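# What the coordinates show
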Amino acid sequence: MITWGWSGLSHDAALAVFDNKKLVFASHSERYSHIKNDEYLNAELIFDALQYGRPDVVYFYEKPLLKKTRQLYSGQYNLLLSESPQSHLRKFGINVKFKFSSHHKSHAAAGYYTSSFKDAAILCLDSIGEWETFTIWHGKNNSLNKVYSQGYPNSVGLWYSAMTQRLGLKPLEHEYILMGMAALGDYKKYYNDVKNDFFKKLPNINDPSIIFKNNLHRGCLLWKPDLKSEQDYYDIAAATQKIYEEIFENILIWMKSNIDSSNLVIMGGCALNCVANTLSFKLYDDVWIMPNPGDAGSAIGCVLSNWNQYIDFPGAYLGHNIKGKYPIDSIIDKLLKDKITAVASGKAEFGPRALGNRSILADPRGKTVKDRVNKIKHREPFRPFAPVILEECVHKYFNVNKGFKSPYMQYTLNCLEPNKFPAIVHYDNTSRVQTVNEYDHPDLYKLLKIWYNKTGCPILLNTSLNIKGEPLVNSKKDALRWSKKYGVEICLPN
Ligand SMILES: [Fe+2]
């Protein structure tokens, strides 16, 4: 029995394949089409998915007709005649039984049924699906019970995206840049303005609702602050992030007192805010964020939402496979000689982070590495790179207890020796850490072990292997094109 889960037709299409109850493949359309956030499926992605057999049933991540009622309400008349999921798939010769999930239940299911928790409080926070923008669930005894729901147009995600656009960035894509800019700003300067101008009500211990003064679906480009200097932009980013963190924390306080669980699951696009995610540990003993918590991850979630069943989640390495042996020796050799290298090997990561299979890797020590990698990637100079570290060493270099795990780069930790590793530490001395053990990724673990033995350093800089303006490198052909264009030799499987 082959089952497909599919999200898309609005942005960032993704496809997941289950062979019986086993998740065997998941990838993003953009990785094949090279169109950032591509909303449509394509023949190359379908070809990879069909390697596991033709689907018997296809699940879709939201309810198109319900969504159209909201689009009608919000004046998105141009979207009312958009094609149906069934007719889109028929273009690729797939004409099978179709089932639908609701947008937020797909998020909740993608989180709960891939977690190891028997019971959990689940927060889904995003921009917009059909009507819902913010839901809270209690996962218990294999079922999901919705305990709170908030609807359009009151949306924290839409507000954060509107602020992203107000700072001259691309909404629904560059929110992570706003988060990075926040570390350079002083939140106090615009804190009251942002709060007073946008919010009618914020969440509190008795009521998690968030009410905005205006509908921010079309952005807030007319919002008044006179942005004179670059510092003003950083200060607004800092105020936005600070208020988001307060909203997030207050929602968690409400959840903690209304749902009897010490486990937390966070899903929806807002779960990519790794600075806020880190605050969860103040209130919850254990936290799970599926490595692709946004809408693309709902390709998995829409299937699980219908099955109401846990799966043995295999991790984030689910995409296109560049077959062969992980090139440990050539990576070490290049790192020792040149300090910077790249790798494209094994199954591509499903989700926004490169976690060692489509990565640029570098020695994180020394003052010049950050500039050299930034030059290759043409990135904003204020943005730091992430460290990947042996899990058993994380407490020696970051302010966490021994045994802390972060295999998907979802939290920021304080670095204990920021001066030693300037390339992987942000202006506020934090790092978005990836920990690796021998089960998460045996080859990357072995690579780090050898690197540690040779250099005394258990950390590498890890950043995504992508061509400027394009999604993450996917195939061997993409990798060779990247290597030729940027003059960095790439390590492919042996
Ligand atoms: Fe969503």
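Above this note sits the structure.
On a predicted model such as this, the values are computed, not experimentally measured, just so you know.

### A look at the overall build of the protein chain
Counting its regular elements, the protein chain contains 16 helices and 22 strands. At 22 Å, the protein chain has a C-alpha radius of gyration in line with the 23 Å of a compact globule built from 494 residues. Overall, the protein chain is about 60 × 55 × 40 Å in size when its C-alpha atoms are taken along their principal axes. Looking at the protein chain as a whole, 60% of its 494 residues are labelled buried. Residue pairs in contact within the protein chain that sit at least 24 positions apart in sequence constitute 68% of those at least 6 positions apart. With an accessible surface of roughly 20100 Å², the protein chain has 50% of that area assigned to carbon and sulfur atoms. For the protein chain, the centre of its 61 positive side-chain charges and the centre of its 49 negative side-chain charges are spaced 2 Å apart.

### Observations concerning the sheet that holds strand E16 (residues 358–362)
Strands sit in the order E20-E17-E21-E16-E14-E22 across an open sheet of 6 strands; the sheet is mixed. Each edge of the open sheet carries a strand with a single partner, namely strand E20 (434–436) and strand E22 (490–491). The pairing of E16 with strand E21 (residues 459–464) spans 4 bridges and is antiparallel. The partner of Leu361 across the bridge, within E21, is Asn462. Packing against the sheet, helix H13 (residues 369–377) makes contact with strand E14 (340–344), E16 and E21, and its axis sits at approximately 20° to E21. On the sheet, helix H15 (residues 442–455) packs against E16, strand E17 (386–390), E20 and E21 and is oriented at approximately 85° with respect to E17.

### Describing the environment of Val194
Looking at the element boundaries, Val194 is found in helix H8 (residues 188–198). With 31 residues separating them in the primary sequence, Val194 and Pro225 have C-alpha atoms 9.6 Å apart. Those residues in contact with Val194 that sit more than four places away from it in its chain are Trp159, Met163, Phe199, Trp223, Ala239 and Ile243.

### Overview of helix H12 (residues 328–338)
Along H12, the residues that are buried comprise Ile328, Ile331, Ile332, Lys334 and Leu335. All buried residues of H12 fall inside an arc of 165° around its axis, so they share one side. For H12, the exposed residues lying more than 90 degrees away from the buried face are Asp329 and Lys337. The secondary structure elements touched by the buried residues of H12 are E14, E16, H15, E21 and E22. Looking one or two places after H12, you find Lys339, whose phi comes out positive at around 75°.

### Observations concerning the nonpolar core
A general tendency of soluble globular proteins is for nonpolar side chains to be buried together. Within the largest apolar cluster, 107 residues are counted, with the highest numbers of intra-cluster contacts made by Trp159, Met255, Phe398 and Trp482. Here this core gets 13 residues from one element, more than from any other, and that element is helix H9 (residues 230–258). Each residue touching Trp482, except ones within four places of it in the same chain, is listed here: Ala342, Ile360, Ile376, Leu465, Asn466, Ile467, Val473, Val488 and Ile490.

### Side note on the sheet that holds strand E1 (residues 2–7)
Reading across from one edge, E3-E2-E1-E4-E5 is the order of the 5 strands in this open sheet, with mixed pairing throughout. Whereas interior strands pair on both sides, the edge strands pair on one side only; in this sheet they are strand E3 (22–28) and strand E5 (97–100). Within the sheet, the average angular offset between the axes of one strand and its neighbour, ignoring direction, is 20°. Bridge analysis of strand E2 (residues 14–19) against E3 gives 6 bridges, and the strand direction is antiparallel. The residue bridging Ala14 from the neighbouring strand is His28, located in E3. Contacting E1, E2, E3, strand E4 (57–60) and E5, helix H11 (residues 298–307) crosses the sheet at an angle of about 125° to E1.

What counts and what doesn't
Residues numbered from 1 in each chain as written. Predicted model: local features only at pLDDT ≥ 70, side-chain atom pairs only at ≥ 80, totals over all residues. Heavy atoms only, no water. Helix = DSSP H or I, 4+ residues; strand = E, 2+ residues; numbered from the N terminus. Rg over C-alpha atoms; globule rule 2.2 N^0.38 Å. Buried < 20%, exposed > 50% of the residue type's maximum accessible area, 1.4 Å probe, protein only. Contact = heavy atoms within 4.5 Å. Areas by Shrake-Rupley, 256 points an atom, 1.4 Å probe, with all protein chains shown as cover. Lys, Arg positive; Asp, Glu negative; His and termini not counted. Charge placed at Lys NZ, Arg CZ, Asp CG, Glu CD. Pairing = 2+ DSSP bridges. Axes fitted to C-alpha atoms, helices over the stretch in contact; angles between N-to-C directions. Arc of directions from axis to C-beta. Core = buried A, V, L, I, M, F, W, Y, C linked by side-chain atoms within 4.5 Å.

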